[in-house]
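Inside the fold
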Amino acid sequence: MSKKITAAITAVGGFVPEDKLTNFDLEKMVDTNDEWIRTRTGIEERRILKGEGKATSDMVVPAVQELCRKRGLDPKDIECMIVATVTPDMVFPATANIACDKLGAVNAFGFDVSAACSGFLYALTTGAAFIESGRYKNVVVVGADKMSAIIDYTDRNTCVIFGDGAGAVLLEPNEDGYGVRDSILKSDGSGRHYLHMKAGGSLKPASIETVTNREHFAYQEGKTVFKFAVKGMADVSAELMERNDLQSEDIAWLVPHQANLRIIDATAERMGLPKEKVMINIQRYGNTTAATIPLCLWEWEKDLKKGDNVVLAAFGGGFTWGATWIKWAY
Ligand code: UT7
């Protein structure tokens, strides 16, 4: 009898732009201060992709090139690429298609997933299902966002939070139980009122009014989102542990979406995990939306050990939220 196929992560790549936007820079732009930002969010600086003609795909490409290099994979041999993003290069075609073209991944099919801050978990779960089906030998899953393209740098409620970046993982079949073991994904569209971009979609196409009214930027009712995020991320992580009979001591790492240090702390506490087991880089990158989780995996790759139980957890616009259990494969 053939063994069950799981989707193992076999390489990680990442990219953050060089340009930094610090809390002190923001003090000069809006009515805010370093102390407020640090104590309310945990963020000290974020990276911004600058330059004419630079888009989300320009961060996807170096992230994927890095994982190809690490794994000795020719981009021509990539079979599928899924890009989670809310800041695609264009409304259409998909950023995945553009990135594949730039990479020379001529044999891959690709598409984007729109699930905001939970996008990487949605894309990872989708990619894993392709591998588990036995039909594909590899799938590249990317979380990438150029949030600076949709942030109003006169709005102190949002401009202090977000940054740009991209992270990518390679999924390959495994017959020894490594890789994605379980995933719980949830969404509730009634949450759209609290976190969205008002214009630019079919509901409200771009017009002079929408531009004048600054409606092409991310809008967030932070306090409401915060309440849902604390509960949603902690609940779904606890549910994932319970359904897989995972105890706190079984978990090597929590990889939380980096939206707010207080949300991360609440999730870790609910899971009974000490700080040392939680990947946190929000202070350096801020909230890079779909990129936060793969960027953590990228930074902590050298600390991960074969067999580690890793729990990824996210909450974001939609609302969308979820948690994924991975057995690290290398
Ligand atoms: O990743 C996607 C999901 N998103 C999230 O998970 C984000 C969830 N929300 C949050 O992280 C937090 O709600 C924020 C960081 C966005 C805001 O923190 P908060 O503790 O919820 O602050 P608040 O919105 O309740 O605002 C408190 C005060 C207000 O002043 P008043 O009304 O008390 O006088 C705000 O006007 O802080 C003020 N404020 C600021 N002050 C200095 C809001 N933004 C700033 C700022 N600098 N940047």
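That block above? That's the structure.
Position numbers for residues start from 1 in each chain and track the written sequence from start to end. With pLDDT at 70 or above as the cut-off, local features in this predicted model cover only qualifying residues; side-chain atom pairs require 80 or more to be listed or tallied, and sums for whole chains, interfaces and linings still use all residues. Working from all heavy atoms in the structure, the side-chain values ignore hydrogens and water.

A look at the site of the ligand
The criterion for a residue being near a molecule or strand is simple. One of its heavy atoms has to lie within 4 Å of it. As a structural note, the neighbourhood of the ligand is formed by 25 residues, with Thr32, Arg156, Lys223, Asn260 and Asn287 the closest of them. N or O atoms closer than or at 3.5 Å make up a polar contact, with two conditions inside protein: a donor-capable atom paired with an acceptor-capable one, and, for residues adjacent in sequence, both atoms drawn from side chains. Here Trp36 contributes a side-chain N or O atom positioned 3.4 Å from an oxygen atom of the ligand. In isolation the ligand exposes 950 Å². Once the protein is present, 76% of that is buried. A helix here means a DSSP run of H or I that spans at least four residues, while a strand means a run of E at least two residues long, and both kinds are numbered starting from the N terminus. Looking at the shell around the ligand, the elements that each hand over two or more residues are helix H2 (34–41), helix H6 (156–159), helix H8 (222–243), helix H9 (261–271) and strand S12 (309–316). Top contributing element to the shell around the ligand by residue count: H8, with 5 residues. Residues are grouped as follows: Ala, Val, Leu, Ile, Met, Phe, Trp, Tyr, Cys and Pro are nonpolar; Asp, Glu, Lys and Arg are charged; all remaining types, including Gly, are polar. In terms of residue class, the shell around the ligand is made up of 11 nonpolar, 9 polar and 5 charged. An automatic or database domain assignment supplies the residue ranges for each domain. Split by domain, the shell around the ligand shows at least three residues from each of two domains, domain 1 (6–177) and domain 2 (181–327). For every accessible area listed, the method is Shrake-Rupley and the probe measures 1.4 Å; residues are considered covered only by the protein chains on display.

A closer look at the side chain of Asp308
Tracing the sequence through the fold places Asp308 in the loop between helix H11 (292–300) and S12. Within the buried set, Asp308 has no salt-bridge partner at all; the shortest N-O distance to an opposite charge, 5.1 Å, is to Lys305. Within polar-contact distance, the side chain of Asp308 engages the backbone nitrogen of Lys305 at 2.9 Å. Residues in contact with Asp308, not counting those within four places in the same chain, are Ala252, Trp253, Asp303, Ile326, Lys327 and Trp328. Any residue under 20% of the maximum accessible area for its type is buried, any over 50% is exposed, and the rest in between are partly exposed; the area is computed with a 1.4 Å probe on protein chains only. When charges are tallied, Lys and Arg are placed among the positive residues and Asp and Glu among the negative ones, while His and the ends of the chain are skipped. Each reported salt bridge corresponds to a side-chain nitrogen of Lys or Arg within 4 Å of a carboxyl oxygen of Asp or Glu. Residues count as neighbours in contact if any of their non-hydrogen atoms are within 4.5 Å of one another.

Description of the sheet that holds strand S6 (residues 139–146)
Strand pairing follows a simple DSSP-based rule, namely that at least 2 bridges must link the two strands. Within the open sheet, the 5 strands sit side by side as S1-S7-S6-S4-S5. Their pairing is mixed. The open sheet is flanked by strand S1 (6–15) and strand S5 (109–113), the only strands paired with a single partner. Neighbour-to-neighbour, the strand axes of this sheet turn through a mean angle of 20 degrees, independent of strand direction. Sheet topology note: the strand S4 (residues 80–84)/S6 ladder contains 4 bridges and is parallel. Along S6, the bridge assignment pairs Ala84 with Gly143. Sitting on the sheet, helix H3 (residues 57–71) touches S1, S4, S6 and strand S7 (164–174), and the angle it makes with S1 is about 125 degrees. Seen against the sheet, helix H5 (residues 119–132) touches S1, S4, S5, S6 and S7 and runs at an angle of roughly 165 degrees to S6. Angular values range over 0 to 180 degrees, each being the angle between N-to-C directions of two axes fitted as lines to C-alpha atoms, with helices fitted over their stretch in contact.

Coordinates in, geometry out; function isn't part of it.
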